[in-house]
Amino acid sequence: MTSDTTAPGTHLDEVSPEAPTTQTGRITTAVLNRMYVRALSIEASFNYERQQGLGFAYSMIPAVRALYEKESDQAAALKKHLEFFNTTPYVAGAIVGVSTAVEEQLSQDPSLAPSTANSVKAALMGPLAGIGDSLYWGTIRLLVTGIGVSLAMAGNILGPIIFLLGFNLPVQLLSYLYLRSGYKFGTKLLQRISGSDAMSSLTYGAGIVGLMVIGGLTASMVSVYVPLQFEVGEGVSSIQTDVLDGIMPGILGLGAFWLVYWLLGKGWKTTWVLLAIFAVGLLGALTGVLGTAP
């Protein structure tokens, strides 16, 4: 790796070998911007040994180049960030920012243990992954998916557009703010969160919102209709409208949802669940037991 931050007139052989050669105050907005762009591809080299470790180290390269002049010091710094790392990609920027602040402290104070960088990463990636999964997968994605699918089913071209923009714009904006805030607050961010109930409260609240959205989507998007009818006196009664909907509207859709949820919990593969749904739907249509609502 070639250093691009060596000060003019400085020769590497003039630097004392006892301590790494650093340039303080070099983490500028431009450096953070480059790190943000690199962090977008944090899962591009995902592997089963260190998962996002290589992508994390790739995101840290601009900071390492800015903090260390000698190539050997840059290599040693990056080696720390090649360790195992895994969290929700959309909140990884916060950990990249905090790690940059920690790396800056390490570059200024050689007496600090190099393992501090990995300790901070390990402490943050688990809790933030819980928040990220609840916030992004369980809340934002479901909200924009519900809006987008509803419009698309009505034939409105805004459906896919709202889905793409409604999810990606806030996600990318928040990711950038996470990185900047992570660097600004540094290790104080971890201390503040760990010393309060903010993280557990946020996770709990995001989970409740996510469950509410899932319930609403189940009622509006999952439809199972039985078109069978039977004679009652001189009239005709519908099993769906007069019996099932009389017990609870949408009861078959709710039952289908919980059946799929139960099968997945029993270890069924998603592919087999989809094939089973297809087979049941085809058999129900052929026999007239299942149909579409008029």
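My aim in this report is to walk through the structure given alongside it, one point at a time. Residues take numbers from 1 onward in each chain, read along the sequence in its written order. Per-residue local features are limited, in this predicted model, to residues with pLDDT of at least 70; the limit for side-chain atom pairs, both in listing and counting, is 80 or more; totals at the level of whole chains, interfaces and linings are taken over all residues. Derived side-chain values reflect all non-hydrogen atoms in the structure, with water molecules and hydrogen atoms excluded from consideration.

We now examine the side chain of Ser238. In this text, helices come from DSSP runs of H or I with a minimum length of four residues, and strands from runs of E with a minimum of two, each type numbered from the N-terminal end. Structurally, the position occupied by Ser238 is in strand E2 (residues 235-238). Judged by its relative accessible area of 8%, Ser238 is buried. Any pair of nitrogen or oxygen atoms within 3.5 Å is treated as a polar contact; in protein, a donor-acceptor pairing is required on top of that, and neighbouring residues in sequence qualify only through side-chain atoms on both sides. For Ser238, the side chain forms a polar contact with the main-chain nitrogen of Gln240, separated by 3.3 Å. It only takes one pair of heavy atoms within 4.5 Å for two residues to be counted as in contact. Apart from the residues lying within four places of it in its own chain, the contact partners of Ser238 are Leu228, Gln229 and Val243. Only protein chains enter the area calculation, which uses a 1.4 Å probe; residues under 20% of their type maximum are buried, those over 50% are exposed, and those in between are partly exposed.

Note on definitions: angles span 0 to 180 degrees between N-to-C directions of axes, and those axes are lines fitted to C-alpha atoms, for helices only across the stretch in contact. It is at 10 Å that the axes of helix H2 (residues 53-67) and helix H3 (residues 71-80) come closest, and there the two elements cross at 145°. Crossing of H2 over H3 shows right-handed handedness. Contact residues: Ala57, Met60, Ile61, Val64 and Arg65 in H2; Gln74, Ala77 and Leu78 in H3. Residue composition of the contact of H2 with H3, grouped by class: 6 nonpolar, 1 polar and 1 charged. Each crossing gets its hand from how the near helix is turned against the far one by less than a right angle, where anticlockwise is left-handed and clockwise is right-handed. Each residue is assigned to one class: nonpolar for Ala, Val, Leu, Ile, Met, Phe, Trp, Tyr, Cys and Pro, charged for Asp, Glu, Lys and Arg, and polar for all the others, Gly among them.

At their nearest, the axes of helix H1 (residues 29-39) and H2 sit 7 Å apart, and the two run at 160° to each other. Considering the angle they form, H1 stands roughly antiparallel to H2. H2 is crossed by H1, and the crossing has right-handed handedness. Residues Val31, Arg34, Met35, Arg38 and Ala39 of H1 lie in contact with H2, whose contacting residues are Tyr58, Ser59, Met60, Ile61, Pro62, Ala63, Arg65 and Ala66. Angles are sorted into four bins: roughly parallel if under 35 degrees, roughly antiparallel if over 145, roughly perpendicular if 65 to 115, and oblique for all others.

As a further point, take the pattern of salt bridges. We define a salt bridge as a contact between a side-chain nitrogen of Lys or Arg and a carboxyl oxygen of Asp or Glu at a distance within 4 Å. Overall, the coordinates contain 2 salt bridges when judged by the stated rule. A salt bridge links Glu49 to Arg50; its shortest N-O distance comes to 3.8 Å. Here Glu49 falls in the exposed class, since its relative accessible area comes to 60%.

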